[in-house]
Amino acid sequence: MTRESLHRQGKQNGRKKSHTVRRIILIIVGLLLLSGVAVGAVTYYKMNRTISKMQKPSATTKKADQVTASKAPVSYLLLGTDTGELGRDYKGRTDTMMVMTVNPSKQTTTMTSIARDTLVTVNGQQMKINAAYAYGNADSALSAVENLLNIKINGGYFLVNMAGMIKMVDAVGGVDVISPLTFTTEGDDTQADSKKQYSFVAGQSYHMGGNEALAFSRMRHEDPDGDYGRQRRQQLIIQAVLKHAASVGSLFNDTLLNMLSNNIQTDVSSSSMRNLAFNYRSALSHVKQDQLHGTTQSMGDLGAVEVMTPTEIDRVHRAITEQMTK
C-alpha cells in the first residue's frame, strides 16, 4: 500500500475532534491498570479472564515480566487508534501515542504525549508517526517511538480503540466534575448524539454520564486557553473516573471489565498485571504529564507535519531516562 493510499484511507471527518477523546481513554486505561487492589478469588478470575482476552504476546512479554517482578522502573507505549469511531472498521492510525513510565521507588508516573503528525523516518521513508502502526503493527509503532526518542520501552504496549469513552464513564456510574469555565457545547463536541448539547457554568459541580463527559472534554472553540484549557478539562474527567473506580466494586464490575476487554489489545501478561497491581501502586501518588512540542511545517503529499528539534527530542529523552532510573 502506498503512502498516498494510506493517507486517503486515514482521512475521515472528525479525526481532530476525536484526538482528545483517545487521549482520555489512554490515560484512564493506563492508570486503571496500575490501580489494582488485593481482591478475592472470584474477582481475580474475572480480571484474569479480561486480561486473557486482551493479550497478544510479543518478544517483550517475558522480559517485561522480569522487570515488573524485580520492581524496577517500567515503561509502556499507549496507542489510540481511530478504529471504532463513527462506524470505522478499517485498521486505522494511532492518532494518540503516549509513553508512560512508572517508577515505584520514586513513586511517580509520567505520561509523555507525542503529536500524531510528528515527522519520522521508517524504513527509509518519511511519514507521520501515526502511520507507523498502519504500515505494520503495534511493534512498528513502538519501534518508531523508540527510534525517535532514543529510548527503550521495556514493558510493552496497550492499544485502545475509540469505542470505550462513553461506556467507561457510564461503567463507573458517571463522574462528578466542577466546570472551570462557562460554555455551551457545539454540535461536533457530542460524538454519540450531535443534537444533544450541554451547558456548563464556571464553579458549578455536575454529575456527568458518558455523553456529557465526552462533550465536556472535547470542547475547544470557546476555551480562551485553547488546547491547554481542553487538557485541563480532560484531566478533570480522568481524575473523576479514577476516584469512582477506586473501589473494588467499581474497578472490577462486569460492565467495566467487558468494556476493557473489547476495546484493548496488549502484549502485557497476567503476571505483569499482578506485579503492577501489588508493587507499583505507590507510583500513582504523583502523576505527571509532558508533551513533545514541535513546529508545524508543510511537506508536500504529507501535508502539515510537526517537526521536532534535536533540543526538544533531547529534553524528552532525558526526562524519560531520568524517570527510568532508580
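Position numbers for residues start from 1 in each chain and track the written sequence from start to end. The predicted nature of this model means local features are confined to residues of pLDDT at least 70 and side-chain atom pairs, given and counted, to a pLDDT of 80 or more, with totals for whole chains, interfaces and linings taken over all residues. Side-chain measures were taken over the full set of non-hydrogen atoms in the model, leaving aside hydrogen atoms and water.

Peer 1: Any details on the pairing of strand β4 (residues 119–122)? Residues and values, ideally.
Peer 2: Only strands joined by at least two bridges in the DSSP assignment are considered to pair. A run of H or I in DSSP counts as a helix once it spans at least four residues, and a run of E counts as a strand once it spans at least two, with each numbered from the N terminus. Both β4 and strand β5 (residues 125–128) contribute to a ladder of 4 bridges, which runs antiparallel. Paired with V120 across the strands is M127, a residue of β5. From the end of β4 to the start of β5, which pair antiparallel, there are 2 residues, and N123 there has a positive phi angle of about 55 degrees.

Peer 1: Residue-level account of the packing of aromatic side chains, with values.
Peer 2: Aromatic contacts are taken between Phe, Tyr and Trp rings whose centres are within 6.5 Å, Trp giving its six-membered ring; a plane angle under 30 degrees counts as stacked, one over 60 as edge-to-face, and the others as tilted. Tallied over the entire structure, the rule returns 5 aromatic pairs. Consider the rings of F183 and F216, whose centres lie 6.0 Å apart with planes at 35 degrees: the pair is tilted. Taken together, the positions of F183 in strand β8 (residues 183–184) and F216 in helix α8 (residues 210–218) put the pair 33 residues apart, joining distant regions of the chain. No difference in accessibility class separates F183 from F216, as the two residues are buried. For the exposure calls, accessible area comes from a 1.4 Å probe over protein chains only, and a residue counts as buried if that area is under 20% of its type's maximum, exposed if over 50%, partly exposed in between.

Peer 1: Explain the nonpolar core residue by residue, including any values.
Peer 2: Grouping buried Ala, Val, Leu, Ile, Met, Phe, Trp, Tyr and Cys residues that are joined through side-chain atoms within 4.5 Å yields what is termed a nonpolar core. Of all hydrophobic cores here, the largest spans 27 residues; its most connected members are L77, V99, I114, I129, V145 and L149. When residues of this core are traced back to their parent elements, those giving at least two are β1 (74–81), β2 (94–103), α5 (132–135), α6 (138–149), β6 (156–160) and α13 (310–323). At 7 residues, α6 tops the list of elements feeding residues into this core. By definition, residues are in contact when any of their heavy atoms lie within 4.5 Å. Apart from the residues lying within four places of it in its own chain, the contact partners of L149 are V99, I114, L292, I313, V316, H317 and I320. Listed in part, the 21 residues of the second largest apolar core include V74, Y76, M259 and L276.

Peer 1: So what's going on with helix α12 (residues 270–279)? Which residues, and what values?
Peer 2: Here α12 has its buried residues at S270, S272, M273, N275, L276 and A277. In protein, a polar contact requires one atom able to donate a hydrogen and another able to accept it; more generally it is a pair of N or O atoms within 3.5 Å, and residues adjacent in sequence count only if both atoms are side-chain atoms. Here α12 starts with a cap whose side-chain oxygen sits 3.3 Å from the backbone nitrogen of S271, and that cap is S269.

Peer 1: Explain the sheet that holds β1 to me, and be specific about the residues and the numbers.
Peer 2: Spatially, 6 strands are ordered β11-β6-β1-β2-β3-β12 in an open sheet, and the strand pairing comes out mixed. Across the chains shown, the open sheet's two edge strands, defined by having one partner strand only, are β11 (264–266) and β12 (287–292). With strand direction ignored, the average angle separating the axes of adjacent strands in the sheet is 20 degrees. When β6 meets β11, the two strands line up antiparallel, connected through 3 bridges. If you follow L159 over to β11, its bridge partner there is Q265. Here the axes come from fitting lines to C-alpha atoms, over the contacting stretch only for helices, and the angles between their N-to-C directions go from 0 to 180 degrees. Contacting β1, β2, β3 (108–114), β6 and β12, α6 crosses the sheet at an angle of about 120 degrees to β1. Contacts from α13 reach β2, β3 and β12 within the one sheet, and its direction differs from that of β12 by about 155 degrees.

Peer 1: I'd like a rundown of the confidence of the model for the protein chain, residues and numbers included.
Peer 2: pLDDT runs from 0 to 100 and stands for how confident the predictor is about each residue. In this model, the protein chain carries an average pLDDT of 79, and 70% of its residues clear a pLDDT of 70 or more. This model gives residues 1–15 a pLDDT under 50, and the stretch forms 34 contacts once residues within four places in sequence are excluded.

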